[in-house]
Every structure is written in C-alpha cells, then in structure tokens.
Amino acid sequence: MINHFLGKTVMTSGVNNKIAESEKFAREIKICMEKYITCDWGDLCNEDKEMNDNALRNGNDRILAAYDTSEGKVYIITEHDRSATTILFADEY
C-alpha cells in the first residue's frame, strides 16, 4: 500500500466543484482513492503500471493513476518526493 506515501492530498477546484455538485461523483472519487492506495492504477498500460510499481519500491519517481468517472477521466498523481497527491481531471493536466 502507498497510503504512507501520499503526502498532503489535494484536488483541483474543478474536481472539488463537481464533488460538491454530485454525490455520485463524490462516491466515485472515494472509490478511485481506495483503488489508488491499494496500488490499482486504473486505466494505464502495463508499462506505466510497472513504472508506478518501481517508483513505489524505489521512491524515486512520481506515481500516476487514471480512472474513468461519470464526469470524465480523472488522474491521481503523487509527487516524486511524496509531498503531495493531487486529484484532477485529465483536461486539467
């Protein structure tokens, strides 16, 4: 699990606003975070998933996951230094 390495968890205003508007989307984000902390990287190719697993083991790179939601694709990204994890829409990347 990576929950020890998430750092401060933040989200963009776009994601925050959609959570405030939609209980369904709020539940989806909760599920995405649950997947993320159990190393389910979502909709990534195998190479990107392996890069995440290596980054988790070595602590030397960022971690990225992608999930489809009712409001569009969201990314969850943990910084390489594990200082912060950000939830954002794909078009905010």
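Residues numbered from 1 in each chain as written. Predicted model: local features only at pLDDT ≥ 70, side-chain atom pairs only at ≥ 80, totals over all residues. Heavy atoms only, no water.

Turning to the overall build of the protein chain, a few remarks are in order. Helix and strand counts for the protein chain stand at 3 helices and 4 strands. Taken over the C-alpha trace, the protein chain has a radius of gyration of 13 Å; the compact-globule value for 93 residues is 12 Å, and the two agree within 12%. Summarising its shape, the C-alpha atoms of the protein chain cover approximately 40 × 25 × 20 Å along the three principal directions. With 93 residues in all, the protein chain has 35% of them scored as buried. The contacts of the protein chain with a sequence gap of at least 6 include a subset with a gap of at least 24, amounting to 53%. Just so you have it, the protein chain exposes about 5500 Å², and 48% of that area is on carbon and sulfur atoms. For the protein chain, the distance from the average site of its 11 positive side-chain charges to the average site of its 17 negative ones is 4 Å. (Helix = DSSP H or I, 4+ residues; strand = E, 2+ residues; numbered from the N terminus. Rg over C-alpha atoms; globule rule 2.2 N^0.38 Å. Buried < 20%, exposed > 50% of the residue type's maximum accessible area, 1.4 Å probe, protein only. Contact = heavy atoms within 4.5 Å. Areas by Shrake-Rupley, 256 points an atom, 1.4 Å probe, with all protein chains shown as cover. Lys, Arg positive; Asp, Glu negative; His and termini not counted. Charge placed at Lys NZ, Arg CZ, Asp CG, Glu CD.)

The first and last C-alpha atoms of helix α2 (residues 23–37) sit 21 Å apart over 15 residues, in line with the 21 Å expected at 1.5 Å per residue. Those residues of α2 not exposed but buried are Phe25, Glu28, Ile29, Cys32, Met33 and Tyr36. One side of α2 holds all its buried residues, which, seen down the axis, span an arc of 140°. Turned more than 90 degrees away from the buried face of α2 sit Glu23 and Lys30, all of them exposed. Looking at the packing, one finds that the buried side of α2 touches β1 (8–11), α1 (13–21), β2 (63–69), β3 (72–78) and β4 (84–89). With its phi angle positive at about 65°, Cys39 sits one or two positions after the end of α2. (Expected span 1.5 Å × (residues − 1). Arc of directions from axis to C-beta.)

Turning our attention to the sheet that holds β4. Pairing in this open sheet of 4 strands is mixed, and the strands run β1-β4-β3-β2 from one edge to the other. With one partner strand each, in any of the chains shown, β1 and β2 form the two edges of the open sheet. Averaged over all adjacent pairs, the angle separating strand axes in this sheet is 15°, with direction ignored. Two strands pair when backbone bridges link them, and β2 and β3 are joined in this way by 7 bridges, in the antiparallel orientation. Residue pairing in the sheet places Tyr67 in a bridge with Val74 of β3. The sheet strands contacting α2 are β1, β2, β3 and β4, and the helix crosses β2 at an angle near 145°. (Pairing = 2+ DSSP bridges. Axes fitted to C-alpha atoms, helices over the stretch in contact; angles between N-to-C directions.)

Looking now at the nonpolar core. Grouped together as the largest cluster of nonpolar side chains are 22 residues, with contacts concentrated most on Tyr36, Tyr67, Val74 and Ile76. For this core, the secondary-structure elements that each account for two or more residues are α2, β2, β3 and β4. Excluding anything up to four places from it in sequence, Val74 contacts Phe25, Ile29, Cys32, Ala65, Ala66, Tyr67, Thr69, Leu88, Phe89 and Ala90. (Core = buried A, V, L, I, M, F, W, Y, C linked by side-chain atoms within 4.5 Å.)

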